[in-house]
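Tertiary structure, described
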Amino acid sequence: MGIKSGFTFWNLVFLLTVSCVKGFIYTCGGTLKGLNGTIESPGFPYGYPNGANCTWVIIAEERNRIQIVFQSFALEEEYDYLSLYDGHPHPTNFRTRLTGFHLPPPVTSTKSVFSLRLTSDFAVSAHGFKVYYEELQSSSCGNPGVPPKGVLYGTRFDVGDKIRYSCVTGYILDGHPQLTCIANSVNTASWDFPVPICRAEDACGGTMRGSSGIISSPSFPNEYHNNADCTWTIVAEPGDTISLIFTDFQMEEKYDYLEIEGSEPPTIWLSGMNIPPPIISNKNWLRLHFVTDSNHRYRGFSAPYQGMFNEFLCLF
Ligand SMILES: *[C@@H]1O[C@H](CO)[C@@H](O)[C@H](O)[C@H]1NC(C)=O
Ligand SMILES: *[C@@H]1O[C@H](CO)[C@@H](O)[C@H](O)[C@H]1NC(C)=O
């Protein structure tokens, strides 16, 4: 008798627990069709619910692609995420996971379906996000976005179109000042250079995030300064590796050098006048340390980098 009622009690507790947990999951989202529109997290801008699991699937016409441009972004860092899928929301289509308070750059799908999934934990919320989506014709590269402190000239993004970049006063452009939209294959178009970044005139070094960019010595392609000591860290998504390919390399042999950590061997020391071979990271980071002595100056170095996504890694 006692045992029997004990079972009943625990059965009841179990049932209550299940229904409570179920009650806390907040689902939302939907399927979106049409040339353009906006998606907002529930409650935007007053905060999204806890325990959210909301999936939006954007479906374009066959052969077209989808571009999303963030207009606002604030998610509790490292606890609440917006996952992007290049296709239906399936782990094999997983592209990246966004969190925190920085406005992410525009993202373009490679196919005619693109999905977003918001998942939040059970405490603390933030404003949420608002994103504009647009169907791209197969001949359009889409808007590549404006880097912080940058200025973009040009409003058309079709094959053959060029756009130019500059930076606001006090900042200089790292990377190529002009992008050209090119036809990559039958039904995709893409920019032939990664979007440049703007950095403070006197600054060197810093943390570079994102899938691609260029790192160059201070003042490149002009001569670097004496007594420079710059450290750059490139951080890619977990599971990605980074490749760094030198396009220019001129340094005073032995006295000015670039030290690279995070590949094989663990520390690589580069100097002199020859372009070094490409470098590939072991994990999702690389660190570059550029040091010059008090005399002799050269052009320095320039090296585009690119994150390489390991699509077989399970990130969940
Ligand atoms: C969709 O595009 C049209 C034409 O460019 C524009 O007038 C409209 O405001 C856009 N819709 C949204 C939701 O931004
Ligand atoms: C969110 O919902 C989807 C589909 O309903 C499910 O597959 C996924 O596991 C859920 N994610 C979380 C974190 O609960």
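Above this text sits the structure in question.
Residues numbered from 1 in each chain as written. Chains lettered and ligands numbered in written order. Predicted model: local features only at pLDDT ≥ 70, side-chain atom pairs only at ≥ 80, totals over all residues.

Focus: the overall build of the protein chain
Using the following cut-off: Labels follow the DSSP assignment, with helices taken as runs of H or I lasting at least four residues and strands as runs of E lasting at least two, numbered in each case from the N terminus. Backbone-placed C-beta atoms define the burial measure: a residue is buried with 20 or more other C-beta atoms within 10 Å of its own, exposed with 12 or fewer, and partly exposed in between. C-beta atoms are first placed from the backbone for all residues, and any pair lying within 7 Å is then listed as a contact.
Per the secondary structure count, the protein chain includes 1 helix and 25 strands. Put simply, the protein chain has 316 residues, and 29% of those count as buried. Here the analysis covers contacts within the protein chain between residues at least 6 apart in sequence; of these, 71% occur between residues at least 24 apart.

Describing the site of ligand 1
Applicable threshold: Near, for a residue, is defined by distance from a backbone-placed C-beta atom to a molecule or strand, with 6 Å as the limit that must not be exceeded. Residues are grouped as follows: Ala, Val, Leu, Ile, Met, Phe, Trp, Tyr, Cys and Pro are nonpolar; Asp, Glu, Lys and Arg are charged; all remaining types, including Gly, are polar.
Around ligand 1, the neighbouring residues are Asn36, Gly37, Thr38 and Tyr132. Sort the elements by how many residues they give to the shell around ligand 1 and strand S2 (residues 36-40) lands first, with 3 residues. Counted by class, the shell around ligand 1 contains 1 nonpolar, 3 polar and no charged residues.

A few points about unusual backbone geometry
Going from Phe44 to Pro45, the amide bond is cis rather than trans, its omega being 0°. Inspection of the secondary structure puts Pro45 in the loop between S2 and strand S3 (52-59). Note that the residue after Phe220, namely Pro221, is joined by a cis bond; omega there is 10°. Assignment of secondary structure puts Pro221 in the loop between strand S17 (212-216) and strand S18 (229-235). Positive phi, close to 80°, is recorded for Arg63, a residue that is not glycine. Summarising the element assignment, Arg63 is placed in the loop between S3 and strand S4 (65-74).

A look at the environment of Ser138
In this fold, Ser138 is placed in the loop between strand S9 (128-136) and strand S10 (150-153). For Ser138, a count of 17 C-beta atoms within 10 Å translates into the label partly exposed. Each C-alpha atom of the pair Ser138 and Thr188 lies 5.5 Å from the other, and the pair is 50 residues apart in sequence.

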